[in-house]
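What follows is each chain in one-letter form.
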Amino acid sequence: MTTITRFAPSPTGRLHVGNIRTALHNWLLARKQGGRFLLRIDDTDAERSREEYVEAIRADLAWLGLDPDGEERQSERLEKYETAFEALRAAGRVYPAYETAQELELKRKIQLGRGLPPIYDRGALALSAEERAAKEADGIVPHWRFMLDHDEAIVWEDGVRGAQKFDPVQLSDPVIRRADGSWLYMLPSAVDDLDMGVTDVLRGEDHVSNTAVQIQIFTALIAAQYPAQQMPRFAHEALLVGTEGKLSKRLGSLGCDAFRAQGFEPMAIVSLLARLGTSQPVEPFLEMAPLVETFDLSTFGRAPARFDEAELLRLNAQLVHQLPYEAVRGFVPDDFTREAWHAIRPNLEKASEVVEWWQVVTGPVERREFSQDDRAYLSQAADALEWSEQPWQDLTASLKASTGRKGKALFLPLRQALTGRDHGPDMGELLPLIGEARTRERLEAAAHG
Ligand code: GLU
């Protein structure tokens, strides 16, 4: 059977590290199995869903290289949910409930006050037909709950967490439909997974108890409406936490757009998130292929995975150092050569910083203050300059011999005069790019203050 995975974001915001990771793992799983990866837009919440986020999600996935093999939208599938709802209702698995939010909250408080778990007491099921009719005559429109089967233990073999077991008695019958007829997440998601032949549901650990409930919904739907379909496999990955060990606000807000704006390479994000929290080493990859090849749910750990921005920056730098000239061609000036890229590349954390260094090559550079002694030295350098195959090596060798300077005293004033900076790319590679005329000009300008 072809593996079908799905990534099912609600378009209520930009993708952030947590859901990028889920998308990536679903993509990798599908690619590894030669299967299909679907993008499913969970937009049943019309109030909070925004078209701009749908577009942003598509753009972010494209930027990350996570191309979907198909896209579906829940808002276009409402009749499916209606049909499924009716089938479950006919099978006696959904029932109307009339409690207001305040009443439910009160019940919860009382239960908690008595030290009991806040499980829905099925008060609505105890109503007689007359009582229900009276409520409806009073204008109370019901919402709808799915009735869990209390006699059937919920078990599954989780792809990350191993054997899972839940007692349905400990769970509330989930509300699946609001009084206004709109859908909550539970039913549409299960209908879609069956209808689209999803074989593997891979998502965050925060969905474990949803899965427990959904397993009964899946079972009921298969019996009532989808006899040819099978329950998908489930896997829940451990949550991501920030460096301080908590799911910080900051982590939740680290959006794909911010990574883009900050000049991160998509493959740095992919390389980090693909293996974070697994037993495989995090390494910089320029291509997806080795990550697809090595993707393996059995290497996923159960402890929360720590997302560290410093680690992302390190990976990014390692990737930039390997990036081919072609990768930056789009955002560098026309006269920016392959040699320039190779000279500057080892010095960058982000590829976009190349623009700054190219500015150092082409000038003007920042004018530095030099001591009298250093000005004399730089004047000597201007005189000694002979343009050769290796102008930097030759210049520094001759200055070393003629002045007796060495180390920092020999190199730093030259670097400062030639680049305006204390650090930067290897001068041996940079000087040929700066060229003879600018080199001479900068040395003289520095020498004469
Ligand atoms: N829309 C849900 C979410 O973003 C989907 C969860 C799922 O993968 O089923 O949490």
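Reading the values: rules and limits
Residues numbered from 1 in each chain as written. Predicted model: local features only at pLDDT ≥ 70, side-chain atom pairs only at ≥ 80, totals over all residues. Heavy atoms only, no water. Pairing = 2+ DSSP bridges. Helix = DSSP H or I, 4+ residues; strand = E, 2+ residues; numbered from the N terminus. Axes fitted to C-alpha atoms, helices over the stretch in contact; angles between N-to-C directions. Near = heavy atom within 4 Å. Polar contact = N/O pair within 3.5 Å; in protein donor to acceptor, adjacent residues only side chain to side chain. Areas by Shrake-Rupley, 256 points an atom, 1.4 Å probe, with all protein chains shown as cover. 1 Å grid on protein atoms, 1.4 Å probe; cavity = no way out; pocket = protein on both sides within 12 Å on 5 of 7 lines; lining within 4 Å. Sits in = over half its atoms within 2 Å of the grid points. Nonpolar A, V, L, I, M, F, W, Y, C, P; charged D, E, K, R; others polar. Core = buried A, V, L, I, M, F, W, Y, C linked by side-chain atoms within 4.5 Å. Buried < 20%, exposed > 50% of the residue type's maximum accessible area, 1.4 Å probe, protein only. Contact = heavy atoms within 4.5 Å. Points joined across faces, edges and corners; volume = space filled by probe spheres on them.

This part covers the sheet that holds strand β5 (residues 143–146). Spatially, the three strands line up as an open sheet ordered β4-β5-β8, and their pairing is antiparallel. Lying at the two open borders of the sheet, with one neighbouring strand each, are β4 (94–97) and β8 (175–177). Going from strand to strand, the sheet's axes swing by 45° on average, the running direction of each strand aside.

A few words on the site of the ligand. Around the ligand, the surrounding shell consists of Arg6, Ala8, Ser10, Asp42, Tyr185, Ser189, Arg203 and His207. Interatomic distance of 3.1 Å between a side-chain N/O atom of serine 10 and a nitrogen atom of the ligand. Take tyrosine 185: an N or O atom from its side chain is 2.5 Å from an oxygen atom of the ligand. Here the ligand, which alone exposes 300 Å², has 79% of that area covered by the protein. At a threshold of 2 Å from the grid points, most atoms of the ligand map onto the largest pocket. Within the shell around the ligand, the residues separate by chemical class into two nonpolar, three polar and three charged.

For the rest of this paragraph, the subject is the nonpolar core. Counting 47 residues, the largest nonpolar core has Phe259, Leu273 and Phe307 as its most contacted members. Of all the secondary-structure elements, those providing two or more residues to this core are α1 (17–32), β2 (36–41), α2 (51–64), α9 (256–261), α10 (266–275), α11 (289–294) and α12 (309–320). Looking at this core element by element, the count peaks at eight residues for α1. Dropping the residues within four chain positions of it, phenylalanine 259 is found in contact with Val17, Ile20, Trp63, Leu254, Phe264, Ile269, Phe307 and Leu312. Among the nonpolar cores identified, the runner-up in size contains 39 residues, and Val354, Leu395, Leu430 and Leu443 belong to it.

So, about the layout of surface pockets. One number sums up the size of the largest pocket: a volume of about 690 Å³. Lining the largest pocket are 32 residues, with His16, Asn19, Thr22, Asp206 and His207 sitting closest to its centre. Contributing elements (two or more residues each) for the lining of the largest pocket: β1 (4–7), α1, β9 (200–204) and α8 (249–253). The greatest single-element share of the lining of the largest pocket, amounting to six residues, is contributed by α1. Broken down by class, the residue content of the lining of the largest pocket amounts to 13 nonpolar, 11 polar and eight charged.

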